[in-house]
Amino acid sequence: MVMEVKKRIALELQSKKPAELSELVLDNCRAGEDGRLEGLTEELSGLRSLSLINMGLRTLEHLPRLPSLELLDLSDNRISNGLEFLAERTPKLTHLSLGGNRVKELCVLEVLKNLLQLQRLELMGCEVANLAGIRESVFEILPHLVYLDGADRLGALEPDSEDGDDDGDKCDEDDLDASESEVEDEEEEGEICEKDFLPDNEVCF
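Model, not experiment: these values are computed from the prediction.

## Concerning the overall build of the protein chain
Consideration 1: Of the regular secondary structure elements, the protein chain holds four helices and six strands.
Consideration 2: The helix and strand sequence of the protein chain, counted from the amino end, reads α-β-β-β-α-β-β-α-β-α.
Consideration 3: Of all 205 residues assigned to the protein chain, the portion counted as buried reaches 31%.
Consideration 4: Excluding contacts between residues fewer than 6 apart, the proportion of contacts in the protein chain whose partners are at least 24 apart in sequence is 52%.
Consideration 5: Looking at the protein chain as shown, the accessible area adds up to about 12,900 Å², and 47% of this sits on carbon and sulfur atoms.

## Structural notes on the nonpolar core
Consideration 1: Counting residues in each nonpolar core, the largest one holds 46 residues, and the members touching the most others are L50, L52, L72, L96, L109, L112 and L121.
Consideration 2: Element by element, the count of residues in this core is highest for helix 3 (residues 134-141), at four residues.

## Focus on the layout of surface pockets
Consideration 1: Space inside the largest pocket adds up to approximately 160 Å³.
Consideration 2: Around the largest pocket sit R30, A31, G32, E33, D34, G35, M55, G56, L57, R58, T59 and R78, which together line it.
Consideration 3: Considered class by class, the residues forming the lining of the largest pocket number three nonpolar, four polar and five charged.

## Some details on empty space enclosed by the protein
Sizing a probe to match a water molecule and rolling it over the atoms shows the empty space that remains.
Consideration 1: For the structure on display, the rule yields one cavity of 30 Å³ or more.
Consideration 2: Put simply, the largest cavity is a space of about 40 Å³.
Consideration 3: Looking at the largest cavity, the residues that line it are G35, L37, L57, T59, L60, E61, H62 and L63.
Consideration 4: When the residues that make up the lining of the largest cavity are grouped by side-chain class, the tally is four nonpolar, three polar and one charged.

## Focus: the pattern of salt bridges
Consideration 1: With the rule as written, the count across this model stands at six salt bridges.
Consideration 2: Between R30 and E4 there is a salt bridge, with its nearest N and O atoms 2.9 Å apart. One end of the pair, R30, is in the loop between strand 1 (23-25) and strand 2 (49-51); the other, E4, is in the segment before helix 1 (5-13), with 26 residues separating them in the sequence.
Consideration 3: In this structure, the salt-bridge partner of R120 is E158, at a minimum N-O distance of 2.7 Å. Note that R120 is positioned in strand 5 (residues 120-122) and E158 in the loop between strand 6 (147-148) and helix 4 (160-196), a separation of 38 residues in sequence.

## Re the environment of A129
Consideration 1: Inspection of the secondary structure puts A129 in the loop between strand 5 and helix 3.
Consideration 2: Between the alpha carbons of A129 and L106 there is a distance of 9.0 Å; along the sequence they are 23 residues apart.
Consideration 3: Residues contacting A129, with those up to four places away along its chain left out, are L123 and I134.

## Quick look at helix 1
Consideration 1: Along helix 1, the residues that are buried comprise V5, I9 and L13. Down the axis of helix 1, the buried set is contained in an arc of 70°. They therefore lie on one face. Structural note: helix 1 exposes K7 and L11 on the side pointing more than 90 degrees away from its buried face.
Consideration 2: Next to the buried residues of helix 1 lie strand 1.
Consideration 3: Looking at the residues trailing helix 1, positive phi occurs at Q14, about 50°.

## Things to note about the environment of T94
Consideration 1: Within the secondary structure, T94 is located in the loop between helix 2 (85-89) and strand 4 (95-97).
Consideration 2: Classification of T94 by relative accessible area gives partly exposed; the value is 21%.
Consideration 3: Along the backbone, T94 and Q119 are 25 residues apart, and their C-alpha atoms lie at a distance of 5.1 Å.
Consideration 4: Aside from chain neighbours lying at most four places away, what touches T94 is E70, Q117, L118, Q119 and R120.

## Points about the confidence of the model for the protein chain
Consideration 1: On average, residues of the protein chain carry a pLDDT of 85, and 78% of them reach 70 or more.
Consideration 2: Predicted confidence for residues 161-168 stays below pLDDT 50, and this span has zero contacts to residues more than four positions away or in other chains.
Consideration 3: The low-confidence segment residues 201-205, where pLDDT is below 50, has two contacts with residues more than four positions distant or belonging to other chains.

Analysis parameters
- Residues numbered from 1 in each chain as written.
- Predicted model: local features only at pLDDT ≥ 70, side-chain atom pairs only at ≥ 80, totals over all residues.
- Heavy atoms only, no water.
- Helix = DSSP H or I, 4+ residues; strand = E, 2+ residues; numbered from the N terminus.
- Buried < 20%, exposed > 50% of the residue type's maximum accessible area, 1.4 Å probe, protein only.
- Contact = heavy atoms within 4.5 Å.
- Areas by Shrake-Rupley, 256 points an atom, 1.4 Å probe, with all protein chains shown as cover.
- Core = buried A, V, L, I, M, F, W, Y, C linked by side-chain atoms within 4.5 Å.
- 1 Å grid on protein atoms, 1.4 Å probe; cavity = no way out; pocket = protein on both sides within 12 Å on 5 of 7 lines; lining within 4 Å.
- Points joined across faces, edges and corners; volume = space filled by probe spheres on them.
- Nonpolar A, V, L, I, M, F, W, Y, C, P; charged D, E, K, R; others polar.
- Salt bridge = Lys/Arg side-chain N within 4 Å of Asp/Glu carboxyl O.
- Arc of directions from axis to C-beta.
- pLDDT = per-residue confidence, 0-100.

The structure is reproduced here in structure tokens:
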């Protein structure tokens, strides 16, 4: 059963005040026929992350002003244009995912240049992502953009996953060193115990 947006927001809020909510996931909820998101209002002014995946959205016209929002996931909807609303209503946006939408032309993305803090953009699954030279063109019209579909303008992947692997390797090395130290301590204790039980007339070498 598909849950309505208003009910989902009520569940997320529980005893919190709207302005205290920092993250909201409305994936697969049912938006209104005209794209209205009932319950998603400007009272949620503290939102920093909002996920609206697979809600059948065709427009962002009814998106409220969310001045603190940094991450917006609009993946797998039916949006083809109308991105101009984002600059006015989500001015602090740094991460925008449009993957799996109906964006076909580069000119639709040009309005994103007004999102001055936008650093990450996902277009995978949109027709525009298949255009020749699209990566170079997107970085040209959005000079402040750092990553497009997880890679920078030179094709280097985001370092997050690599950093995570390094941290994991470091932890493994630390655990191994600790284990070896424990084994050495146990061996030393064993030698001491053997000495304690030797007869008085025997010498321990």
